[in-house]
Amino acid sequence: MKVLIIKVSSMGDIIHTLPAITDASVSVPKISFNWVVEETFSEILRWHPAIHQIIPINLRFWIKNWYDTSSWKKYYECIQELKKKEYDVIIDAQGLLKTSLLITCSSRGEKHGMDYISTREPVSSLFYHKRHYVNKSQHAVERIRQLFSLSLKYPVPSCIGKYNIEHLFPPQKNNVPYLIFFHATTKIKKHWPELNWSVIARCAINAGYHIKLPFWTKSEESRINRLVKLSYNQIIVLPKLTLQEIAMQISGATAIISVDTGLSHLAAALSCPNLTLYGPTNPELIGTYGQNQIILYSSTKKMEHLNPMYVWEVFQKVLALTSI
């Protein structure tokens, strides 16, 4: 059976889809997956053994530069390439109008997705041949697992979802234990104040840990430079890394403290002990999912109300997971 998956972004959403791929690869004999994804995140898909072909696109760039004829040309070339293959089943796991209109409707095969009640943008369901009801109160991982089971006609396994990528990044032992702080996220209201990070850094260093801080943008680099000035020399600023390189860093970490960002979900996929801080986001629906994951949610939905000393106290539970 040839199946096309349409889930172009974001990193967390893509990682949330991997357990459904694992379910289907075990439940359906001789199944083969192709996946349409933003090129930025295509590296993640190469790690899962059930994914046969990756079809990278630059949908965000094309939409942002809709006035540029070269963007439309590249989009047209991508669609023409997509139309060359016909699939037994196409699963639109994105549930957005833009992907349904620009990608799903141009693909060839029986199209499946969530129905009007279940999907994120109800009008997107108009582009599917088969529409499935999936309860919105479930975690995103379970919702996608259910969508795949209904589309491909197999029962959802009763076990917790398995990402099936952690075998590529086995835990590493280090002479000097280190923590990673995933401090950056796209939305300002999801940030944790820099002073709070500084307090946590001092607690971690006093406990004998080094700290590694990654960055990818200039604003993120400026933030960690300020943190380094406020703290000690045991803070290591990582260079700009590929997703595979950051996955290797995660595999060697004792534990992680993160905000609501795609990298926190990567840590969950690799089963690295991780404390994720949430403010405006409801973690019951899209929080980190998997083993060794602890969530701390601000009752006021404001990140600044998560006291750093209380965060450090809760983090001891995460560190305890490393000794199990």
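Up top you'll find the structure we're talking about.
First, a word on scope: everything that follows refers to the structure included in this document.

The rules we used
- Residues numbered from 1 in each chain as written.
- Predicted model: local features only at pLDDT ≥ 70, side-chain atom pairs only at ≥ 80, totals over all residues.
- Heavy atoms only, no water.
- Helix = DSSP H or I, 4+ residues; strand = E, 2+ residues; numbered from the N terminus.
- Rg over C-alpha atoms; globule rule 2.2 N^0.38 Å.
- Buried < 20%, exposed > 50% of the residue type's maximum accessible area, 1.4 Å probe, protein only.
- Areas by Shrake-Rupley, 256 points an atom, 1.4 Å probe, with all protein chains shown as cover.
- Lys, Arg positive; Asp, Glu negative; His and termini not counted.
- Charge placed at Lys NZ, Arg CZ, Asp CG, Glu CD.
- Pairing = 2+ DSSP bridges.
- Axes fitted to C-alpha atoms, helices over the stretch in contact; angles between N-to-C directions.
- Core = buried A, V, L, I, M, F, W, Y, C linked by side-chain atoms within 4.5 Å.
- Contact = heavy atoms within 4.5 Å.
- Phe/Tyr/Trp six-rings, centres within 6.5 Å; stacked < 30°, edge-to-face > 60°.
- Salt bridge = Lys/Arg side-chain N within 4 Å of Asp/Glu carboxyl O.
- Expected span 1.5 Å × (residues − 1).
- 1 Å grid on protein atoms, 1.4 Å probe; cavity = no way out; pocket = protein on both sides within 12 Å on 5 of 7 lines; lining within 4 Å.
- Points joined across faces, edges and corners; volume = space filled by probe spheres on them.
- Nonpolar A, V, L, I, M, F, W, Y, C, P; charged D, E, K, R; others polar.
- Right-handed = clockwise from strand over helix to strand, strands pointing away.

**Quick word on the overall build of the protein chain**
Phase 1 of the analysis: Looking only at helices and strands, the protein chain features twelve helices and twelve strands.
Phase 2 of the analysis: Since a compact globule built from 324 residues should have a radius of gyration of about 20 Å, the 21 Å found for the protein chain is in line with a globular shape.
Phase 3 of the analysis: Projected onto the principal axes, the alpha-carbon positions of the protein chain cover approximately 60 × 50 × 40 Å.
Phase 4 of the analysis: A total of 324 residues make up the protein chain; the buried ones form 54% of that total.
Phase 5 of the analysis: Working note: accessible area of the protein chain is about 15500 Å², and carbon and sulfur atoms make up 55% of it.
Phase 6 of the analysis: Charged side chains in the protein chain number 36 positive and 24 negative. The centres of these two groups are separated by 1 Å.

**Description of the sheet that holds strand β8 (residues 210-213)**
Strand pairing within a sheet occurs via backbone hydrogen bonds; the two strands may be parallel or antiparallel.
Phase 1 of the analysis: The strand order across the open sheet built from six strands is β9-β8-β7-β10-β11-β12, with neighbouring strands paired in parallel fashion. Here the strands that pair on one side only, and so sit at the sheet edges, are β9 (235-237) and β12 (293-297). Between one strand and the next, the sheet's axes are offset by a mean angle of 20 degrees, whatever the strand orientation.
Phase 2 of the analysis: Pairing analysis gives three bridges linking β8 to β9, with the strands arranged parallel. Pairing of K212 across the sheet is with I236, part of β9.

**Observations concerning the nonpolar core**
Phase 1 of the analysis: Grouped together as the largest cluster of nonpolar side chains are 53 residues, with contacts concentrated most on F33, W35, F148, L152, Y163, I250 and L266.
Phase 2 of the analysis: No other element matches the seven residues that helix α1 (residues 11-27) contributes to this core.
Phase 3 of the analysis: Every residue in contact with W35, bar those within four places of it in the chain, is listed here: L4, I5, K7, I14, T17, L18, I21, L45, I51, Q53, I54 and I55.
Phase 4 of the analysis: By size, the runner-up hydrophobic cluster in this structure holds 30 residues, among which are C203, L213, V259 and F315.

**Here we look at the packing of aromatic side chains**
Phase 1 of the analysis: Scanning the model with the defined rule gives nine aromatic pairs in all.
Phase 2 of the analysis: Judged by centre distance (6.4 Å) and plane angle (40 degrees), the rings of F33 and F148 are tilted. You can see F33 sitting in strand β2 (residues 32-38) and its partner F148 sitting in helix α6 (residues 140-152), a full 115 residues away along the chain.
Phase 3 of the analysis: Judged by relative accessible area, which is 0%, F33 ranks as buried.
Phase 4 of the analysis: Residue classification places F148 among the buried positions, given a relative accessible area of 0%.

**Some points on the pattern of salt bridges**
Phase 1 of the analysis: Applying the stated rule across the entire model yields seven salt bridges.
Phase 2 of the analysis: The partner of K190 in a salt bridge is D260, with the nearest N and O atoms 3.1 Å apart. Of this pair, K190 sits in the loop between β7 (178-182) and α7 (194-206) while D260 is found in the loop between β10 (255-259) and α10 (262-269), placing the two residues 70 residues apart along the sequence. Taken as a pair, K190 and D260 share a single burial class, namely buried.

**Some points on α1**
Phase 1 of the analysis: Here α1 spans 25 Å end to end across 17 residues, near enough to the 24 Å set by a 1.5 Å rise per residue.
Phase 2 of the analysis: For α1, the tally of buried residues reaches 14 of 17 residues, placing the bulk of the element in the interior.

**With respect to the layout of surface pockets**
Phase 1 of the analysis: Approximately 460 Å³ is the volume attributed to the second largest pocket.
Phase 2 of the analysis: P171, Q172, S251, A253 and T254 are, among the 22 residues lining the second largest pocket, the residues nearest its centre.
Phase 3 of the analysis: The element contributing the most residues to the lining of the second largest pocket is helix α9 (residues 243-252), with three residues.
Phase 4 of the analysis: By residue class, the composition of the lining of the second largest pocket is twelve nonpolar, eight polar and two charged.

**Comments concerning the pairing of β2**
Phase 1 of the analysis: Burial of β2 is extensive: six of the seven residues sit out of reach of the surface.
Phase 2 of the analysis: In terms of handedness, the path from strand β1 (residues 2-6) via α1 over to β2 forms a crossover that is right-handed.
Phase 3 of the analysis: Relative to strand β3 (residues 51-57), β2 is paired through six bridges, and the arrangement is parallel. For V37, the partnering residue across the bridge sits in β3 and is P56.

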